[in-house]
Amino acid sequence: MKTAIVIGVGPVRGLGAQLCTRFAADGLKVIVAGRTKSAIEAVANDVALSGGRAIPVIADATDETDIVALFNFAGTELDLAIYNAGNNTPGRIIDMDAEYFERSWRVACFGGFLFGREAVRRMLPNRAGTLLFTGASASLRGRSGYGAFNSAKAGLRALAQAMAKEYAGEGIHVGHVVVDGAIAGDKIFQRYPDAASRQEDLVSIEGIVDAFAFLYKQPPRAWSFEVDVRTSKEKW
Ligand SMILES: NC(=O)c1ccc[n+]([C@@H]2O[C@H](COP(=O)([O-])OP(=O)(O)OC[C@H]3O[C@@H](n4cnc5c(N)ncnc54)[C@H](OP(=O)(O)O)[C@@H]3O)[C@@H](O)[C@H]2O)c1
């Protein structure tokens with residue numbers, strides 16, 4: 001059975017969770033990876049209730065031992081790996097301590113290196129597989145008050161692009177989805193209680209998941225590196 005790993009899974013109404021749900025519905029065995037046991041178990045149960053196969057595995061994206069163990073657990077039928085971890089880290093540079101900046105980079109960029117390296121190592125023997133990264137507006141531009149997050153996400157995108165070029169010839173499709181705007185999911189609904197009533201300003205999770213599925217299903221003679229997704233109202 002083809003296997004997918006999604007790391008960076010939080011609430012059921014969140015992007016990581018809905019990526020798990022979609023690829024399980026498409027017939028993959030999905031390994032639901034994240035730091036919070038209750039969250040990943042809830043997502044795996046949700047997938048199981050819909051008839052899909054999902055296994056929760058606790059893993060911190062920034063911990064090399066966790067990531068190697070996660071891929072060992074996934075086995076040899078790994079066909080899809082998605083790096084979705086990356087919480088926003090606002091703050092002005094002059095007020096920021098070094099540890100905060102480094103932590104932001106570890107989650108949004110360094111973890112992508114650990115995860116991407118292990119994914120490609122496991123996919124190369126089959127000369128097949130898809131590795132996808134979640135980006136943000138921050139991936140493409142710096143913005144006042146977001147220097148730590150912008151630089152980390154831009155680094156992740158450059159890493160993904162380098163990997164796409166490095167491994168395409170060996171059958172590995174690497175892609176990046178730019179989510180250009182706030183996502184209509186629990187993260188935003190909890191932070192901004194009025195957000196649920198202005199969903200038209202928020203990027204649809206289903207639409208983002210469609211972008212990942214589009215990249216995953218592309219044939220080797222028509223690969224894209226990147227898809228960007230935003231609402232029709234977004235000024236960009
Ligand atoms: N939310 C938005 O509006 C928005 C907009 C544009 C782009 N994005 C991008 O979309 C992706 C998903 O973000 P989301 O906010 O919507 O959340 P989400 O997909 O619902 O969940 C992502 C989960 O990743 C987990 N995570 C964070 N650090 C981790 C680590 N070191 N190891 C393992 N898991 C980790 C967090 O759970 P725990 O804290 O429980 O571990 C978080 O709940 C991120 O890459 C983000 O940058 C989000």
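Heads up: the structure comes first, above all this text.
A short tour of the structure in this document, coming up. Computed from a predicted structure; not experimentally measured.

## Things to note about the packing of helix α3 (residues 64–74) against helix α4 (residues 98–123)
Remark: α3 packs on α4, axes separated minimally by 10 Å, with the N-to-C direction vectors making an angle of 30°. As summarised for this structure, α3 and α4 are arranged roughly parallel, according to the angle between their axes. At the point where α3 passes α4, the crossing takes the right-handed sense. For the pair α3 and α4, the contacting residues are E64, I67, V68, L70, F71 and N72 in the first and L114, F115, R117, E118, A119 and R122 in the second. The residue inventory of the contact of α3 with α4, partitioned by class, reads seven nonpolar, one polar and four charged.

## Describing the site of the ligand
Lining the immediate environment of the ligand, one finds 28 residues, of which R35, T36, A61, G86 and K187 sit closest. Separating a nitrogen atom of the ligand from a backbone N or O atom of A61 is a distance of 2.8 Å. Between G86 and the ligand, the recorded distance is 2.6 Å, taken from a backbone N or O atom to an oxygen atom. Relative to its unbound accessible area of 880 Å², the ligand is 89% covered by the protein chains. Counting residues per element, the ones that place at least two in the shell around the ligand are α1 (15–25), β5 (129–136), α5 (147–167) and α6 (186–191).

## Examining the packing of α1 against helix α7 (residues 205–217)
Relative orientation of the contacting elements α1 and α7 amounts to 50°, with a least axis distance of 10 Å. Here α1 is positioned oblique relative to α7, judged by the angle of their axes. In terms of crossing hand, the pair formed by α1 and α7 is right-handed. In this structure, α1 contributes L15, Q18, L19, R22 and F23 to the contact, and α7 contributes I205, E206, I208, V209, D210, F212, A213 and Y216. A per-class count over the contact of α1 with α7 returns nine nonpolar, one polar and three charged.

## A look at the sheet that holds strand β6 (residues 172–179)
The seven strands lie next to each other as β3-β2-β1-β4-β5-β6-β7, forming an open sheet whose pairing is parallel. Each end of this open sheet is capped by a strand with a single partner; those strands are β3 (53–58) and β7 (226–229). Averaged over all adjacent pairs, the angle separating strand axes in this sheet is 15°, with direction ignored. Here four bridges tie strand β4 (residues 78–83) to β5, and the two strands are oriented parallel to one another.

## With respect to the environment of L15
When you line up the elements, L15 lands in helix α1. Expressed as a C-alpha distance, the spacing of L15 and V174, which sit 159 residues apart in the sequence, is 19 Å. In contact with L15, not counting residues within four places along its chain, are N84, T134, I183, I205, I208 and V209.

## Overview of α5
With 21 residues, α5 extends 30 Å from end C-alpha to end C-alpha; this agrees with the ideal 30 Å at 1.5 Å per step. Restricting attention to buried positions, one finds in α5 the residues A148, F149, N150, A152, K153, L156, A160, M163, A164 and Y167. In this structure, the buried side of α5 is in contact with β4, α4, β5 and β6.

## Re the nonpolar core
F23 and V30 are the most contacted members of the largest nonpolar core, which has 33 residues in total. Within the residue set of this core, elements represented by two or more residues are β1 (3–7), α1, β2 (29–34), α2 (37–49), β4, β6, α7 and β7. V30 has contacts with A4, V6, C20, F23, A24, R53, A54 and I55, leaving out every residue within four places of it along the chain. Residues A33, I67, F133 and L156 belong to the second largest nonpolar core, which totals 30 residues.

Procedures and definitions
- Residues numbered from 1 in each chain as written.
- Predicted model: local features only at pLDDT ≥ 70, side-chain atom pairs only at ≥ 80, totals over all residues.
- Heavy atoms only, no water.
- Axes fitted to C-alpha atoms, helices over the stretch in contact; angles between N-to-C directions.
- Helix = DSSP H or I, 4+ residues; strand = E, 2+ residues; numbered from the N terminus.
- Parallel < 35°, antiparallel > 145°, perpendicular 65-115°, else oblique.
- Left-handed = near helix turned anticlockwise from the far one by under 90°.
- Contact = heavy atoms within 4.5 Å.
- Nonpolar A, V, L, I, M, F, W, Y, C, P; charged D, E, K, R; others polar.
- Near = heavy atom within 4 Å.
- Polar contact = N/O pair within 3.5 Å; in protein donor to acceptor, adjacent residues only side chain to side chain.
- Areas by Shrake-Rupley, 256 points an atom, 1.4 Å probe, with all protein chains shown as cover.
- Pairing = 2+ DSSP bridges.
- Expected span 1.5 Å × (residues − 1).
- Buried < 20%, exposed > 50% of the residue type's maximum accessible area, 1.4 Å probe, protein only.
- Core = buried A, V, L, I, M, F, W, Y, C linked by side-chain atoms within 4.5 Å.

The values reported here are purely geometric and, on their own, carry no functional implication.
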